[in-house]
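Survey of secondary and tertiary structure
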Amino acid sequence: MGHHQVMFSNVNEIVSDEKLDEWYKYQVNHRKKVVYLLPSAKWLTTARANQPGLSFMTFDDLADVILRELSIEYSVLPNDYRYLFFQDDLQKNPTVSDVREIPYQAKTYGDTYGQLKRLGLTVQQLPETLQSLQASFEKYEDNFIKKKYLDSENKLITAIKLLREKYTFPSINIVIEGYLDFTPLQYELLIALFNQDIPITVYLPKINASLIQHTTKDLDEIGFHIQEYGPEPFKRVEKQFIIQAVSPEEEIHRILDLIYEKKQSLGRYNQIAIVLANEASLEELMSIAEEKKIPIKRAKKKSLSHTLIIQTLKQLLVEKKSSTKWDRLEEISSISKLLFLEATEYTKLKQIFIEKELICIEEVEQIHNQFQLFIETIFSGQTVVKHCQNFIGFLQTLPLLSRWKNMLSENLHRESSLQISFEWRTFETILSFLQKWIVDLENLPSIKMEGTHFLLWFFTKLEGEELYLKRTPQDGVGIYTFRDIALFKGSEIFVLGLNEGVYPPAYSLSGYFQPQHLENLEIRYGAPTVEIFEKKAEALFNQLEVLAETISYSYCIGVDSHEPLLPSKYIAPLINRVEKIQASFQNRIQIPFYEEKQELMNKVAYHIGRDYLVKNAPEELMEKQNLLITLAIGNHSLSEPLSGVRRSVTAIESYVDCSFKFAMDYVLKVKPVMERVTSVDRRKTGILLHNVIEKFYKKIGFIEKSFLDCARELTEEKDRILLEIFEQEWAGLEKELLIELSEVVVKEEKLSWMKKIKRWWASEKLLFQNGQLQNMQIYMMEKGLSFTLNNDLEINIKADRVDIDEDGFVIYDYKSSNKMIKENEVMDGKVLQLPLYLYALEDILKEKVGRPLRPYGASYINIDNPKSRASNSMWEANESTQKRFNVHSKAMKVEMKDGEHLNRFGLHTKLNELVKDSKQQFRVNPYGTKSCQFCTYHAVCRVTPETFEGE
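Here we summarise the structure given alongside this text. Here, residues in each chain are numbered from 1, in the same order as that chain's written sequence. This being a predicted model, a pLDDT of at least 70 is required before a residue's local features are given, and a value of 80 or more before pairs of side-chain atoms are given or counted; all residues contribute to the totals for chains, interfaces and linings. Only hydrogens and water are set aside; all other atoms, that is, all heavy atoms of the structure, feed into the side-chain values.

1. Brief notes about the packing of helix α3 (residues 59-69) against helix α7 (residues 152-164)
To define axes, lines are fitted to C-alpha atoms, for helices over the stretch in contact only, and angles between the resulting N-to-C directions are given on a 0 to 180 degree scale. Only runs of H or I of at least four residues qualify as helices and only runs of E of at least two qualify as strands under DSSP, and these elements are numbered from the N terminus. The contact between α3 and α7 brings their axes to 9 Å, and the two run at 50°. Considered as vectors, α3 and α7 are oriented oblique to each other. The crossing of α3 and α7 is left-handed. Contacts from Phe59, Asp60, Ala63, Asp64, Ile66 and Leu67 of α3 reach α7 at Ser152, Lys155, Leu156, Thr158, Ala159, Leu162 and Leu163. A class-by-class count of the residues in the contact of α3 with α7 yields eight nonpolar, two polar and three charged. An angle counts as roughly parallel when it lies under 35 degrees, as roughly antiparallel when it exceeds 145, as roughly perpendicular when it falls between 65 and 115, and as oblique in every other case. Note: crossing handedness is left-handed where the near helix turns anticlockwise from the far helix by less than a right angle, and right-handed where it turns clockwise. Contact between two residues is taken to exist if any of their heavy atoms lie within 4.5 Å; hydrogens are not considered. In the scheme used here, Gly and all other residues not listed as nonpolar or charged are polar, with Ala, Val, Leu, Ile, Met, Phe, Trp, Tyr, Cys and Pro taken as nonpolar and Asp, Glu, Lys and Arg as charged.

Dropping the structure here:
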């Protein structure tokens, strides 16, 4: 073996049995320890399994060995501890106005420091634009590094420094394999070892890539002997395919379907590998593979962040939005899930809390109170170790383990037992982590943190942690990244997700470092420039051609053929040269084979849904189809019509609006689902509006007083009385609203309604001051009446306000929404209130007043625009009437005397039909999209936005 040499080997020969055996024999024969450096944990695991007896490690591990062999005493400083230091320092000397930004700023400081050190530079060599960080970095080094508390970068730097100072280092032989290039720090360590005359052999892979030439040139400059490159590696690839998918999901489905087909000929799944261009797609890949029963050669794990215990801790300790009843209900719901309450128990708990704000289950209340108590104590500044100890104490007081233990002793369903067991394991894992952190940190200089920042740090630390659910199957599809695909020994590779911007990924440096900073820094070798980054991506991609016989590259092309998503630049040249495979739902559903029964059912259901004639379709699907046909028609009726029922005008309007909702409200009398309230209920403000107006007019004595007299009595005192009544009514409503909504929302709503009330009163004053209406008077308000139509149709009405003079009357109905009167809606029965009120009051007033009064008209008064008498009103066709009441040209004009307008709209017949149908016939067929806007039955209704689009 040469002293300092660079050798070349094929990519698929990295950590080969022959090579490892050769180095093991060398170690035994020469009695000289061989240290074998590899780039990642996956490489280390493979090598250790292939050849026990050799010391496999990374550059970081080698730094540990050097410091240990040179008897240097130091303490390991976790890299994230520097984040905590900068966080503590920034809290004492904040540079941001919002303290909530401090944890994120501290992380950026830590990342910037780490990048500086990985470049092999000192704090004094910071780029000019980053020199404002120098004082913080020096403070960090004074507190830790100079006291021999070493993070990973400073371990390497210290090892390099000691080797440069000619410390005597035991004789070893270093072998480096699997690397394409080296970082500046790794190069400096190699140079220091080289100068110590420690034998080093570097194996570089034979890849058609300029990066290998670049690395070879650097090692040659350092003094390594470069062995002859030898023949070019044999290109193993024979077939290549491009898979174009409409979505990432279909991309995965198509690859897995192809893998299933390939397995039939290859015999085993382990002959196939998937390379992930973006590792974020792994979770969806694992999920779809499990559905298809395709084994993936990777242990099944579950992220701790997806567990109930972590989600509950996060919600109640970090997010903690318990300002309204609904926020507290979410917290209680999370605790209930954590206790695995029965559905009936939870429903009862939820209902009682919504109605009375009481927690009726003792364990839930106890845990909720414990969280509140812990929140009150955690926010004082304490050391990280103290926070960990307090957190352990809090978790141990929660009665979760005893509850889960009792539940597992019962004969539970297997799925429930697995869920409880997993939560138990997670709980114990959290305790173990906290205890380990205490051990790791208690001998380090103490750092104080605010409780909120500690909790953010805690949950960030747990983000990448997982628990095992199932072992790795013996035969399965291998999952690799570009970094470790050279470990694959099969024949077929699928590369998933090769879109532009995904591979190569976007170039960036850590922290505040920018690419232009590298231009003026003194870095001898390995500067991570854009050029090197792109060369590495090219090298990793080009290695594929020597690793498999068949390679399929997939990317997402999207659904818009005019603006397709673009492929990675590495596969773009192949698109017009190789066979393309399309991946879409339509293509997948028509593939004539299936792997599982559910897939068969999905495919048959699709073809039935597209009106194909399917022979021998599964009976259960045909039953579902018949049910869907019934549901699509949406006609439902009672066996016998309801008897002894009277209908109000608003009830009939509701029936036309949506007979399904009408049946829920008036027939079945179903209580609406209690949902989270995010805005003020319009029904409540509608009641407030009516109460304020009625009480105001009664208080100031304007009822049955001529408008002329009212105009004479308009004073500022009346304005004060109006606002006083509004304040009184709002105070009562506000108590209800604050249970559901935040103070900010309620305050904004109050200001809005105060403006509306003032605007309404301003328009009323103009009405009283209208000289043409001086003989009018408010005759009645909020009066409930009933009348008979067609001799046998009894209908209830309630008039908000009726004004009269010597000859006629006007009806006003207050609305908090912008309600219109359209002719087609009147004819359909959707808008009946004002037409029927005009007809009924003509007879009722004749009897009450003692003389006939003709209907002048009727109008909805929209509180947002109270002066409007346009399409929200209907008036007598007489032109003089319209002029007096300032009627807009858009208003409806009709003959009204003796109910002539009812004949015009055909309402006599229509009302008989509607009242009759409302006692028996009910359709799931809303009048329009507005019918669904504020409906409380969405959870049990099958109408969707697509219903109104004719789909």
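2. Describing the environment of Ile354
Along the chain, Ile354 falls in helix α14 (residues 343-356). On the basis of relative accessibility, which here comes to 7%, the residue Ile354 falls in the buried class. When the C-alpha atoms of Ile354 and Tyr937 are compared, they prove to be 18 Å apart, with 583 residues separating the residues in sequence. For every residue, the accessible area obtained with a 1.4 Å probe (protein chains only) is divided by the maximum for its type, and the residue is called buried under 20%, exposed over 50%, and partly exposed between those limits.

3. Re empty space enclosed by the protein
Put simply, the grid is 1 Å and covers the protein atoms alone, a cavity is a trapped set of points that fit a 1.4 Å probe, a pocket is an open set with protein on both sides within 12 Å along at least five of seven lines, and lining residues have an atom within 4 Å of a point. Grid points are joined across faces, edges and corners, and a volume is the space filled by probe spheres set on the points. Evaluation of the coordinates by the stated rule reveals one cavity of 30 Å³ or more. Within this model, the largest cavity holds a volume of roughly 40 Å³. Taken together, Leu304, Ser305, Ile310, Lys314, Phe459, Leu462 and Glu463 form the lining of the largest cavity. If you list the elements that add at least two residues to the lining of the largest cavity, you get α12 (308-319) and α19 (451-462). Looking at the lining of the largest cavity residue by residue, the classes come out as four nonpolar, one polar and two charged.

4. Topic: the pairing of strand β6 (residues 173-176)
Residues of β6 alternate between two faces, with Asn173 and Val175 on one and Ile174 and Ile176 on the opposite face, all of them buried. Bridging between strand β2 (residues 34-37) and β6 involves four bridges; their strand directions are parallel. Along β6, the bridge assignment pairs Tyr36 with Val175. Here, strands pair whenever DSSP counts at least two bridges between them. As paired strands, β6 and strand β7 (residues 200-206) are joined by three bridges and run parallel to one another. Pairing of Ile176 across the sheet is with Val202, part of β7.

5. Thoughts on helix α13 (residues 325-338)
Helix length check: α13 (14 residues) gives 20 Å between terminal C-alpha atoms against 20 Å at 1.5 Å per residue, within 8%. In terms of burial, α13 is largely enclosed, as eleven of its 14 residues are buried. Among all positions in α13, only Lys325, Trp326, Asp327, Leu329, Glu331, Ile332, Ser333, Ser334, Ile335, Ser336 and Leu338 are buried. Where α13 ends, the next residue or the one after it, Phe340, has phi of about 55°, a positive value. Take the number of residues in a helix, subtract one, and multiply by 1.5 Å to get its expected span.

6. Describing the packing of aromatic side chains
Here is the rule: rings of Phe, Tyr and Trp (six-membered ring for Trp) pair when centre to centre is within 6.5 Å. Planes less than 30 degrees apart are stacked, more than 60 are edge-to-face, and the remainder are tilted. Applying the stated criterion across every chain yields a total of 60 aromatic pairs. Judged by centre distance (5.5 Å) and plane angle (35°), the rings of Phe86 and Tyr140 are tilted. Within this pair, whereas Phe86 is found in helix α4 (residues 79-92), its partner Tyr140 is found in helix α6 (residues 134-143), the two being separated by 54 residues in sequence. Overall, Phe86 belongs to the buried group, its relative accessible area being 1%. By relative accessible area, which is 0% here, Tyr140 ends up buried. When the centroid spacing of 4.8 Å and the interplanar angle of 70° are considered together, the rings of Phe458 and Phe459 count as edge-to-face. Three or more aromatic residues joined by ring pairs form one cluster here, namely Tyr81, Phe85, Phe86, Tyr109, Tyr113, Phe137, Tyr140, Phe144, Tyr149 and Tyr512. Criterion for a charge above a ring: Lys NZ or Arg CZ within 6 Å of the ring centre, and within 35 degrees of the ring normal. The ring of Tyr203 has Lys19 lying over it, and the distance from NZ or CZ to the ring centre is 4.4 Å. Just above the ring of Trp753 sits the side chain of Lys756; from NZ or CZ to the centre is 4.5 Å.

7. Description of the pairing of strand β17 (residues 550-556)
Most of β17 is tucked away, with seven of its seven residues classed as buried. Because side chains alternate across β17, one face comprises the buried residues Thr550, Ser552, Ser554 and Cys556, and the other comprises Ile551, Tyr553 and Tyr555, equally buried. Relative to β17, strand β9 (residues 239-245) runs parallel, the two being bridged by seven bridges. The partner of Ala245 across the bridge, within β17, is Cys556. Note that strand β16 (residues 492-496) and β17 share four bridges and pair parallel. Paired with Glu492 across the strands is Thr550, a residue of β17. Look down the strands so they point away from you; if going from the first strand over the helix to the second traces a clockwise path, that crossover is right-handed. For the segment spanning β16, helix α20 (residues 530-542) and β17, crossover handedness is right-handed.

8. Comments concerning helix α22 (residues 597-609)
Within an α-helix, residues lying three or four positions from one another point in the same direction, as the helix has 3.6 residues per turn. Here α22 is 13 residues long and its end C-alpha atoms lie 18 Å apart, about the 18 Å a rise of 1.5 Å per residue gives. Within the sequence span of α22, burial applies to Glu599, Met601, Lys603, Val604, Tyr606, His607 and Ile608. Its buried side turned inward, α22 meets α10 (248-266), α21 (585-589) and α23 (619-633). Positive phi appears at Asp611, one or two residues downstream of α22, with a value of about 65°.

9. Here's the deal with the sheet that holds strand β1 (residues 4-10)
Strand pairing in a sheet takes place through backbone hydrogen bonds and is either antiparallel or parallel in direction. The parallel open sheet is built from six strands, whose spatial order is β3-β2-β6-β7-β1-β8. One side of each edge strand has no neighbouring strand; the edge strands of this open sheet are β3 (55-57) and β8 (225-226). Alignment of β2 against β3, held across three bridges, turns out to be parallel. Bridging from a neighbouring strand, Val35 pairs with Ser55 of β3. Packed onto the sheet, helix α8 (residues 184-195) meets β1, β6 and β7 and runs at close to 140° relative to β7. In this fold helix α9 (residues 210-222) packs onto β1, β7 and β8, with an angle of close to 160° to the strand it touches most, β7.

Shape descriptors only; they carry no functional weight alone.
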